[in-house]
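Take a look at the letters that make up each chain.
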Amino acid sequence: MNAYYVDFHTHLHAYPDHSQVAEEIGEHKIITVAASMDIESYKATKRIAQGSPWVIPTFGIHPEKSDTVTSLASLDTYLDESPIIGEIGLDECWCRQVPLPVQEKVFEYILDHCHRKRKYCVIHTKDAEARVLEMLKSFPDAKPIIHWYDGPADIFRKMLNKGYYTTFGCQVFYSDYIKELLKMTPMEQVLSETDNPDSEKWLGGTDDTPLLIHRVVRDIAAVKGISESACCKTIYGNSRKILARVRSSRLLKNKAFKFT
Ligand SMILES: [Zn+2]
């Protein structure tokens with residue numbers, strides 16, 4: 001099996017030059033699940049995906065943007081067409097300017113959609129980990145993918161025990177705590193992400209290109225004590241399982257990869 005690198009969480013809309021980043025992704029054949037923050041960034045992400053056979057656009061309302069939602073029903077068209085949902089969630093650290101009840105109302109509405117449609121959803125949990133886990137209990141058929149978790153280990157253990165997938169990214173390189181969380185995580189639940197283009201620079205690095213995913217997979221492999229190619233293969237296999245479920249989506253037509 002030919003394994004591709006998979007970046008399961010990145011913000012292509014946030015790059016200044018959309019065609020350049022799409023070109024780099026195509027050149028390196030990186031399967032890219034591209035998150036959005038709101039309707040506007042989703043539309044931009046969809047345009048990028050239309051021009052790239054490697055990009056899967058996903059719709060979500062980031063907790064930071066939840067106070068921009070004036071009508072929950074206005075999200076339905078976008079939720080319905082998006083094969084995977086993301087980025088959604090709660091944040092009590094960086095997004096405190098948006099009251100938690102406002103964040104929760106939007107998160108709950110979108111989780112209900114994911115529950116009814118049995119969809120995968122990429123979830124942000126910063127400093128609201130226990131509350132996220134609590135809210136997920138009401139939506140057992142939603143399929144959470146926990147993104148860049150760095151909260152309490154006992155809550156993380158509960159999420160792993162529920163079988164949730166979790167993404168690991170550029171912080172694996174910098175943080176012993178993240179390395180510990182990764183050690184706890186069975187390889188069958190590990191996905192890779194860059195959270196480009198801002199995260200690596202925020203952590204003190206310089207690489208904000210799609211190729212950063214190669215280093216991330218190398219870092220994960222080092223923590224797990226396996227080869228980079230074995231790691232890439234397992235993560236690709238995990239990603240295939242998720243993407244195979246959404247392959248009939250209109251937004252996945254004409255992609256370079258086939259999951260049959
Ligand atoms: Zn993100």
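Thresholds applied
- Residues numbered from 1 in each chain as written.
- Predicted model: local features only at pLDDT ≥ 70, side-chain atom pairs only at ≥ 80, totals over all residues.
- Helix = DSSP H or I, 4+ residues; strand = E, 2+ residues; numbered from the N terminus.
- Expected span 1.5 Å × (residues − 1).
- Buried ≥ 20, exposed ≤ 12 C-beta atoms within 10 Å, placed from the backbone.
- Arc of directions from axis to C-beta.
- Contact = placed C-beta atoms within 7 Å.
- Pairing = 2+ DSSP bridges.
- Axes fitted to C-alpha atoms, helices over the stretch in contact; angles between N-to-C directions.

Our next topic: helix α2 (residues 39-50). Here α2 spans 16 Å end to end across 12 residues, near enough to the 16 Å set by a 1.5 Å rise per residue. Every buried residue of α2 is listed here: S41, Y42, T45, K46, I48 and A49. Mapping the buried residues of α2 onto a view down its axis gives an arc of 160°, with all of them on the same face. Of the surrounding elements, those touching the buried residues of α2 are α1 (18-28), β2 (31-34), β3 (55-57) and α3 (76-81).

Spatial strand order, β1-β2-β3: 3 strands in an open sheet with parallel pairing. Edge positions in the sheet fall to β1 (6-10) and β3, since each has one partner strand and no second. Along the sheet, successive strands turn relative to each other by an average axial angle of 15°, direction set aside. By the bridge criterion, 3 bridges tie β1 to β2 in an arrangement that is parallel. Along β2, the bridge assignment pairs T10 with A34.

What follows deals with the environment of N161. Among the secondary structure elements, N161 is positioned in helix α6 (residues 153-161). Between the C-alpha atoms of N161 and T185, which are 24 residues apart in sequence, the distance is 9.6 Å.

Honestly, it's all geometry; don't read function into it.
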